[in-house]
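Next come the chains, spelled out residue by residue.
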Amino acid sequence: MRLKLKKTIEIGVFTGYSLFLTALTIPEDGQITAIDARVDHKINFIESEALSVLDQLLKDSENEVNFDYAFMDADKDNYCNYMREQVPDHFRGSSKQAILDLNRSLVDDPCVQLSHVALGESVDI
């Protein structure tokens, strides 16, 4: 039996991980009330497909080395694509293989400090 949750509340958003998961799970006419400390002035929210936004961000030379931290939890097949031209074509593939190949390329990248925390599918930080 599938629950038909439409109106939810999240007290303490923290990283937004569960908030986003809930938003993807509830119906289109659903609504989430999220309560947390005031951080909206720190967030530049862009609603779009990631690859086109990354291309646009890279057109600004300040963004080439301007991010201190990256968190990826998007469509797994595109993980290597989000690393842009640094990842060879043969690393791109199915979800499982794409994640394995991406992790291998991240470990080998001298510009990346990598930690791995097992949470369900996994989270690399």
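- In the nomenclature of an unreviewed UniProt entry, the chain is known as Caffeoyl-CoA O-methyltransferase of Citrus sinensis.
- Word for word, the UniProt comment on the chain under Cofactor (unreviewed entry) is "a divalent metal cation".

1. So, the overall build of the chain
Right, so step 1: Each helix and strand counted, the chain has 4 helices and 4 strands in total.
Right, so step 2: For the chain, the α and β elements follow one another from N to C terminus as β-α-β-α-α-α-β-β.
Right, so step 3: The proportion of buried residues among the 125 residues of the chain is 22%.
Right, so step 4: Long-range contacts, defined as pairs at least 24 residues apart, comprise 27% of the intrachain contacts of the chain with a sequence gap of at least 6.

2. Observations concerning a nonpolar patch on the surface
Right, so step 1: A cluster of nonpolar residues, Ile9, Ile11 and Ile35, forms a patch on the protein surface that exposes about 330 Å² of accessible area.
Right, so step 2: Checked against the element boundaries, Ile11 lands in strand 1 (residues 7-11).

3. Observations concerning the pairing of strand 2 (residues 31-35)
Right, so step 1: Sheet analysis places strand 1 next to strand 2, joined by 5 bridges and oriented parallel. Pairing of Ile9 across the sheet is with Thr33, part of strand 2.
Right, so step 2: Considered for its hand, the β-α-β crossover made up of strand 1, helix 1 (residues 17-25) and strand 2 is right-handed.

4. So, the nonpolar core
Right, so step 1: Tyr79, Cys80, Tyr82, Ile99, Leu102 and Leu106 together form the largest nonpolar core, which totals 6 residues.
Right, so step 2: Of all the secondary-structure elements, those providing two or more residues to this core are helix 3 (79-82) and helix 4 (95-108).

5. Describing the environment of Ile99
Right, so step 1: Tracing the backbone shows Ile99 in helix 4.
Right, so step 2: Of the residues examined, Ile99 reaches a relative accessible area of 19% and is grouped as buried.
Right, so step 3: Each C-alpha atom of the pair Ile99 and Asp77 lies 7.8 Å from the other, and the pair is 22 residues apart in sequence.
Right, so step 4: With sequence-adjacent residues up to four places away left out, Ile99 is seen in contact with Lys76 and Tyr79.

6. Let's talk about the side chain of Thr8
Right, so step 1: Summarising the element assignment, Thr8 is placed in strand 1.
Right, so step 2: Owing to a relative accessible area of 16%, Thr8 belongs among the buried residues under this scheme.
Right, so step 3: If we skip the residues at most four places from it in the chain, Thr8 touches Thr22, Ile26, Gln31, Ile32 and Thr33.

7. Quick look at the confidence of the model for the chain
Right, so step 1: Per-residue pLDDT for the chain averages 75, and the proportion of residues at 70 or more is 75%.
Right, so step 2: Ranking the elements of the chain by mean pLDDT puts strand 4 (residues 123-124) last, at 50, and strand 2 first, at 88.

Calculation notes
- Residues numbered from 1 in each chain as written.
- Predicted model: local features only at pLDDT ≥ 70, side-chain atom pairs only at ≥ 80, totals over all residues.
- Heavy atoms only, no water.
- UniProt positions renumbered as here; feature names shortened; annotations may be inferred.
- Helix = DSSP H or I, 4+ residues; strand = E, 2+ residues; numbered from the N terminus.
- Buried < 20%, exposed > 50% of the residue type's maximum accessible area, 1.4 Å probe, protein only.
- Contact = heavy atoms within 4.5 Å.
- Patch = residues over 30% accessible without salt bridge, like charges linked within 9 Å, V, L, I, M, F, W, Y side chains within 5 Å.
- Areas by Shrake-Rupley, 256 points an atom, 1.4 Å probe, with all protein chains shown as cover.
- Salt bridge = Lys/Arg side-chain N within 4 Å of Asp/Glu carboxyl O.
- Pairing = 2+ DSSP bridges.
- Right-handed = clockwise from strand over helix to strand, strands pointing away.
- Core = buried A, V, L, I, M, F, W, Y, C linked by side-chain atoms within 4.5 Å.
- pLDDT = per-residue confidence, 0-100.

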